[in-house]
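A closer look at the structure
Below, each chain spelled out in residue letters.
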Amino acid sequence: MNHVIEINNLSKDYETGFWRKRKVRALDSLDLNVKGGQIFGFLGGNGAGKTTTIKILMSLLYPTEGMAKILGRDISDVQMHSSIGYCPENPYFYDYLTAREIMNYFGELFGLSTERRKTRTEQLLTSVGLSEKDWDRQLRKFSKGMLQRVGLAQALINSPEVVFLDEPMSGLDPIGRREIRELIVGLREKGTTVFMSTHILSDVESLCDEVAILRKGRLAATGNLTDLLSETGGTRSFEIVVSGVSPVALNEDLTAVAGATTAFHPSGARIEVLAEEDIDRVFPMIRKNGGRLVSVTPVKQSLEDLFVRETKADEVSA
Amino acid sequence: MLLVIGCAVLLGDLTDGQEARTIVNISLNAMLLFGVFIAIFVGVGLVSKEIEKRTVFAIFAKPVSRPQFIIGKYLGLCLTLLINIVVMGLGVVAALAYVGDRELVFSIWGAIYLIFLELAIVTSVAIVFSSFSSAALSALLTFLVFLIGHLSTSLRDLGQALGSEVARIVFEIIYYVLPNLQLFSFRSEAANGLVPNAEMMLGATAYALVYVVIMLAIAAFVFQRRNFK
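For every chain, the first residue of its written sequence is number 1, and the numbers climb from 1 along that sequence. The order in which chains are written sets their letters, starting at A; the order in which ligands are written sets their numbers, starting at 1. Local features in a predicted model are, by the rule used here, given only for residues with pLDDT of at least 70; side-chain atom pairs are given and counted only at 80 or more, and totals for whole chains, interfaces and linings are based on all residues. In computing side-chain values, all of the structure's heavy atoms are included and hydrogens and water are not.

What follows concerns the overall build of chain B. Secondary structure is summarised from DSSP: a helix means a run of H or I of at least four residues, a strand means a run of E of at least two, and numbering begins at the N terminus for each. Helices and strands together make up the secondary structure of chain B, namely 9 helices and 0 strands. Throughout this description, buried means an accessible area under 20% of the type-specific maximum (1.4 Å probe, protein chains only), exposed means over 50%, and partly exposed covers the range between. Here chain B holds 229 residues, and 49% of them are scored as buried. Pairs at least 24 apart in sequence give 76% of the contacts found in chain B among residues at least 6 apart. Here the open area of atoms and residues is found with the Shrake-Rupley method and a 1.4 Å probe, where only the protein chains shown may cover a residue. For chain B, the computed accessible surface area is about 10900 Å², with 70% contributed by carbon and sulfur atoms. Each charge sign in chain B was given a centre, from 14 positive and 13 negative side chains, and these centres are 22 Å apart. Residues count as neighbours in contact if any of their non-hydrogen atoms are within 4.5 Å of one another. Positive charges come from Lys and Arg alone, negative charges from Asp and Glu alone, with His and the N- and C-terminal ends not counted. Working definition for charges: the position is that of NZ of Lys, CZ of Arg, CG of Asp or CD of Glu.

A few words on the interface of chain A and chain B. Of the residues lining the interface, 24 residues belong to chain A; the matching set on chain B comes to 22 residues. What counts as buried area is the accessible surface, traced by a 1.4 Å probe, that two parts surrender upon association, with contributions from both included. Carbon and sulfur atoms make up 61% of the surface buried where chain A meets chain B, a total of about 2000 Å² over both sides. A per-residue breakdown of the area chain A buries against chain B is headed by Leu60(A), Tyr62(A) and Tyr92(A), which together make up 30% of the total. Think of a salt bridge as a Lys or Arg side-chain nitrogen and an Asp or Glu carboxyl oxygen that are within 4 Å of each other. For the interface between chain A and chain B, the tally reads 0 salt bridges. The definition of a polar contact used here is a pair of N or O atoms within 3.5 Å, where within protein one atom must be able to donate a hydrogen and the other to accept one, and adjacent residues in sequence count solely through side-chain atom pairs. Taken together, the links from chain A to chain B amount to 9 residue pairs in polar contact (both at pLDDT 80 or more). Among the elements of the structure, strand E1 (3-16), strand E6 (84-87) and helix H2 (99-109) of chain A are those that each provide at least two residues to the side of chain A that touches chain B. Its residues assigned to classes, the side of chain A that touches chain B comprises 16 nonpolar, 5 polar and 3 charged. Only Asp, Glu, Lys and Arg are considered charged in this grouping, and only Ala, Val, Leu, Ile, Met, Phe, Trp, Tyr, Cys and Pro are considered nonpolar; every other residue, Gly among them, is considered polar.

Counting 147 residues, the largest nonpolar core has Met58(A) and Phe164(A) as the members making the most contacts within it. Counting residues per element, this core draws most heavily on helix H5 (residues 103-130) of chain B, at 18 residues. Leave out the neighbours within four places in its chain, and Met58(A) touches Ile70(A), His81(A), Ile84(A), Tyr86(A), Phe164(A), Phe60(B) and Ala61(B). Counting residues in each nonpolar core, the second largest holds 14 residues, with Ile240(A), Leu250(A), Val273(A) and Met285(A) among its members. Here the nonpolar core consists of buried residues drawn from Ala, Val, Leu, Ile, Met, Phe, Trp, Tyr and Cys, with membership extended through side-chain atoms lying within 4.5 Å.

Another aspect to go through is the sheet that holds strand E8 (residues 193-197) of chain A. Residues and elements named next belong to chain A. Taken in spatial order, the 6 strands make up an open sheet running E6-E7-E8-E3-E9-E10, and their pairing is mixed. Unpaired on one side and paired on the other, E6 and strand E10 (218-224) mark the two borders of the sheet. For this sheet, the mean angle separating the axes of adjacent strands, direction not counted, is 15 degrees. For two strands to count as paired, DSSP must find a minimum of two bridges between them. Sheet topology note: the strand E3 (residues 39-44)/E8 ladder contains 4 bridges and is parallel. Note that in E8 the partner of Phe 42 across the bridge is Ser 197. Here helix H10 (residues 303-311) sits on the sheet and contacts E3, strand E9 (210-215) and E10; the angle it forms with E9, its principal contact strand, is near 30 degrees. For helices, the fitted axis covers only the stretch in contact; all axes are lines through C-alpha atoms, and the angles between them, taken along N-to-C directions, range from 0 to 180 degrees.

All names here are of chain A. Residue Asn 9 is not a glycine yet carries a positive backbone phi of 50 degrees. Within the secondary structure, Asn 9 sits in strand E1. Phi angles above zero are rare outside glycine, and Lys 216 is one such case at about 50 degrees. Tracing the backbone through its elements, the reader meets Lys 216 in the loop between E9 and E10.

A separate point is a nonpolar patch on the surface. Patch membership requires over 30% relative accessible area and the absence of a salt bridge. Like charges are linked within 9 Å, and nonpolar side chains (Val, Leu, Ile, Met, Phe, Trp, Tyr) within 5 Å. Residues Leu79(B), Leu82(B), Ile83(B), Val86(B), Val87(B) and Leu90(B) make up a contiguous nonpolar surface patch of roughly 520 Å² in combined accessible area. Residue placement: Leu79(B) occurs in helix H4 (residues 66-98).

Residue and element names in this part refer to chain A. The strand order across the open sheet built from 4 strands is E2-E1-E4-E5, with neighbouring strands paired in antiparallel fashion. Unpaired on one side and paired on the other, strand E2 (22-35) and strand E5 (73-74) mark the two borders of the sheet. In this sheet, strand E4 (residues 65-70) lies alongside E1 in antiparallel orientation, the contact comprising 5 bridges. Note that in E4 the partner of Ser 11 across the bridge is Glu 65. Against the sheet, helix H1 (residues 50-57) makes contact with E1, E2 and E4, and its axis sits at roughly 115 degrees relative to E1, the strand it touches most.

Turning our eyes to something else, we now look at the packing of aromatic side chains. Pairing of aromatic side chains requires ring centres within 6.5 Å, counting the rings of Phe and Tyr and the six-membered ring of Trp. Pairs whose planes differ by under 30 degrees are stacked, by over 60 edge-to-face, and all others tilted. All chains considered together, the criterion is met by 18 aromatic pairs over all chains. Judged by centre distance (5.9 Å) and plane angle (35 degrees), the rings of Tyr94(A) and Tyr96(A) are tilted. In this analysis the charged atom, NZ for Lys or CZ for Arg, is taken to sit over a ring once it is within 6 Å of the ring centre and within 35 degrees of the ring normal. The aromatic ring of Phe106(A) is capped on one face by Lys62(B), whose charged end is 4.4 Å from the ring centroid.

All names here are of chain A. Taken N-terminus to C-terminus, the directions of helix H8 (residues 247-254) and helix H9 (residues 276-288) make an angle of 155 degrees; their axes are 10 Å apart at the nearest point. The pairing of H8 with H9 is recorded here as roughly antiparallel in orientation. The handedness of the crossing between H8 and H9 is right-handed. Every residue of H9 that contacts H8 at Leu 250, Asp 253 and Leu 254 is listed here: Val 282, Met 285, Ile 286 and Lys 288. Working definition: roughly parallel below 35 degrees, roughly antiparallel above 145 degrees, roughly perpendicular at 65 to 115 degrees, and oblique for all remaining angles. By convention the crossing between two helices is left-handed if the near helix lies anticlockwise of the far one by an angle smaller than a right angle, and right-handed if it lies clockwise.

Structurally, Ser127(A) can be placed in helix H3 (residues 114-127). It is 13 Å that separates the C-alpha atoms of Ser127(A) and Ile175(A), two residues lying 48 residues apart in sequence.

All names here are of chain A. Inspection of the sheet shows E4 paired to E5 by 2 bridges, in the antiparallel sense. Its bridge partner being in E5, Ile 70 is matched across the sheet by Arg 73. Hairpin connection of E4 to E5: 2 residues between the antiparallel strands, including Leu 71 at a positive phi of 55 degrees.

We now examine H9(A). Bend at a given residue is defined as the angle between two axes, one fitted to the seven residues that end at that position and one fitted to the seven that begin there. A bend of about 25 degrees at Val282(A) is the largest found in H9(A), and the proline Pro284(A) appears one to four places after it. Here H9(A) has its buried residues at Asp278(A), Ile279(A), Val282(A), Met285(A) and Ile286(A).

As a further point, take the domain arrangement of chain A. Many authors give the size of an interface as the accessible area that is lost as the parts come together. In this document the domain limits rely on a domain assignment from an automatic tool or a database. Under the domain assignment, chain A is made up of domain 1 (3-225) and domain 2 (235-300). On a C-alpha basis, the centroid separation for the pair domain 1 of chain A and domain 2 of chain A is 46 Å.

All names here are of chain A. Inspection of the secondary structure puts Thr 297 in strand E14 (residues 292-300). Using a relative accessible area of 35% as the deciding quantity, one classes Thr 297 as partly exposed. For the pair Thr 297 and Lys 12, spaced 285 residues apart in the sequence, the C-alpha separation amounts to 45 Å. Sequence-distant contacts of Thr 297, that is, excluding residues within four places in its chain, are made with Ser 237, Phe 238 and Glu 239.

Along an α-helix, residues three or four apart share an orientation, since each turn contains 3.6 residues. All names here are of chain A. Within H8, the full set of buried residues consists of Leu 250, Asp 253 and Leu 254. Buried residues of H8, seen end-on, are gathered within an arc of 95 degrees and therefore sit on one face of the element. Of the exposed residues in H8, the ones pointing more than 90 degrees away from its buried face are Val 248 and Glu 252. Where H8 is buried, its residues contact strand E12 (261-265), strand E13 (268-273) and H9. It is the directions from the helix axis to the C-beta atoms that the arc portrays.

Shown next as structure tokens:
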């Protein structure tokens, strides 16, 4: 299998304290392989080691142990950076430059021709949803969301094969998020590998092909998102929605069904049962109490359930 | 600088027959001081501010090595200093033309070149400090190096005069480690119409070149090992 990102036994210790004698392990023996042409979600709670991993891959931090390769080349290879893009979390740029100037500057660092820089700048600033009137404004006058858009645009100036996005939706409004989601999907369609860390799980569910979840610097789970959700739980429960039911009487009957929970509302009730066979037991109770069946829906394990379980596994076991 | 030149012209009026000499003396010293001010305060911020403001994050994700970054920053500031010093030099030339002195118009450029070499060394020292410490501390340390650099020969003589072997070794180390900036001092001589000879110019150029290369190598080495959290 062709892996564009290969991470082997990667660890990072931060030295803290006045004499730098105390070590804090931010990343612990991380092994991870990312296939090409997909959107890979890198998840984890605050301080799990996501940004540390990305910074090591970008050669901003040196690993304490282990090694990593991008596109088959060691991360210390400066020329490898010609084929990748990176949008840092809360991107910082020279704020006295305009959006157009910063794009031109980064394009020059990649050795792009003047014409290419101009074309890419206009294409990308448009595609990240930055209106043309803002292109020649200094970045110091930009909002957080606008800076985020410039950050995404500059990460793509060189048409990278792999792009690393650290919290790409941070600071964006709902319309901005949708535009960036479409942009990311468009990158996958062109064959670009997208490696993104994010806290927004709905974006991961709608965008990512594979995910990895970090917990306290260690890899807690990784794999295809659909497989992960089904193999670690599949259908969690069944939701039965009924109308015109008598709450008191139905509640009494449901005590016979183990694990059944009920939420009543003026027009009816929502009953949740844990097993499929419980549905057949609940139907007669509904009819008996004058209710009418509206719907039965299997409730699947969500990414949020998986994320919460994986990131809190240590607390539970402790 | 224009103000300094204007003052120099006015002071020159007060020194009977010495207008041109006064103009050159004051202007070249002001040129060095302004240049050092720029070299220190811009130089120390060149690297440390990039780290503090996290602008390096996006840069090092591009195909730019850390030594390239240091050298690029250094050359950029040197070019700024060169343009600054040439413009100042032209201002002095204009002032000399105003007082009607033609001899000094040509002889000052040797001293100006030596001032530039001195500024190039001070900038390289600022970049070394900037690669591992804060802007404020870097500015202080660079200024101290500038001061000691102008006194290093005297300090070496002092070390020998003290009669203590330890003092001699300490001052000898300071003499060789810190730049000897007196090698680039030709301002008073230039005001008297003298021109640095080829030997002095070549020696100063070689010294500056070697010193700058060593400083940049140290800065690149230190910077290469840094983690950007």
